[in-house]
Amino acid sequence: MISYLSDHVALLTSGKADFNEEQFEKLKKHYIEIIETSIKEIEHKKGNIEKIIFSDGTEKKIDTPYASLPFTQHSDIPISLGCELTELGHLKVNQFQETNISGIFACGDNTNMLRSVANAVYSGNLTGAVVNGKLVEEEF
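Residues numbered from 1 in each chain as written. Predicted model: local features only at pLDDT ≥ 70, side-chain atom pairs only at ≥ 80, totals over all residues. Heavy atoms only, no water.

Participant: Talk me through the pattern of salt bridges; I want residue IDs and the actual numbers.
Facilitator: This structure, assessed with the given rule, holds six salt bridges. One salt bridge in this structure joins Lys-60 and Glu-33, with 2.9 Å as the shortest N-O distance. Here Lys-60, found in strand E5 (residues 59-61), pairs with Glu-33, found in strand E2 (residues 33-35); they are 27 residues apart in sequence, far enough to count as distant. For Lys-60, a relative accessible area of 24% corresponds to the partly exposed category. Judged by its relative accessible area of 36%, Glu-33 falls in the partly exposed class. Ionic pairing is found between Lys-92 and Glu-84, a salt bridge with its closest N-O pair at 3.8 Å. By relative accessible area, which is 39% here, Glu-84 ends up partly exposed. (Salt bridge = Lys/Arg side-chain N within 4 Å of Asp/Glu carboxyl O. Helix = DSSP H or I, 4+ residues; strand = E, 2+ residues; numbered from the N terminus. Buried < 20%, exposed > 50% of the residue type's maximum accessible area, 1.4 Å probe, protein only.)

Participant: Report on the side chain of Thr-111, specifying residues and quantitative values.
Facilitator: Looking at where Thr-111 falls in the secondary structure, it is placed in the loop between helix H2 (77-80) and helix H3 (117-139). Accessibility expressed as a relative area gives 13% for Thr-111, which makes it buried. At 2.9 Å, the side chain of Thr-111 forms a polar contact with the backbone oxygen of Gly-108. In this structure, Thr-111 is in contact with His-90, Leu-91, Val-93, Gln-97 and Ala-106, ignoring residues within four places of it in sequence. (Polar contact = N/O pair within 3.5 Å; in protein donor to acceptor, adjacent residues only side chain to side chain. Contact = heavy atoms within 4.5 Å.)

This is how it looks when you write it as structure tokens:
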């Protein structure tokens, strides 16, 4: 997707690239440079990245870096209660925002890789409605 934002895209693997032949061909077809040399240093001025210096002494000027960062939960409470996580580290919920632990619900960014206010509002609204319904059922 990034190749639609810029004509000059380089993929820095900081080590041996782990792509199959088809993936290499696709990257080559879209003129995406693959740099496997490990990164020694990232040079910046006032927080704006200017260039990357590699372990072999070569340098690459960059305008905009993109990184695939792993997701981590900001609280370990759900995990300590036994809530399951997805492969990506989000709390695993069903279509009604219920975790695998009865009575524990989750919503928002901790359950979904789609990080947006709209998604958080939607899932929070759904969760509230489901919890309200469960409480009414208990009382009835």
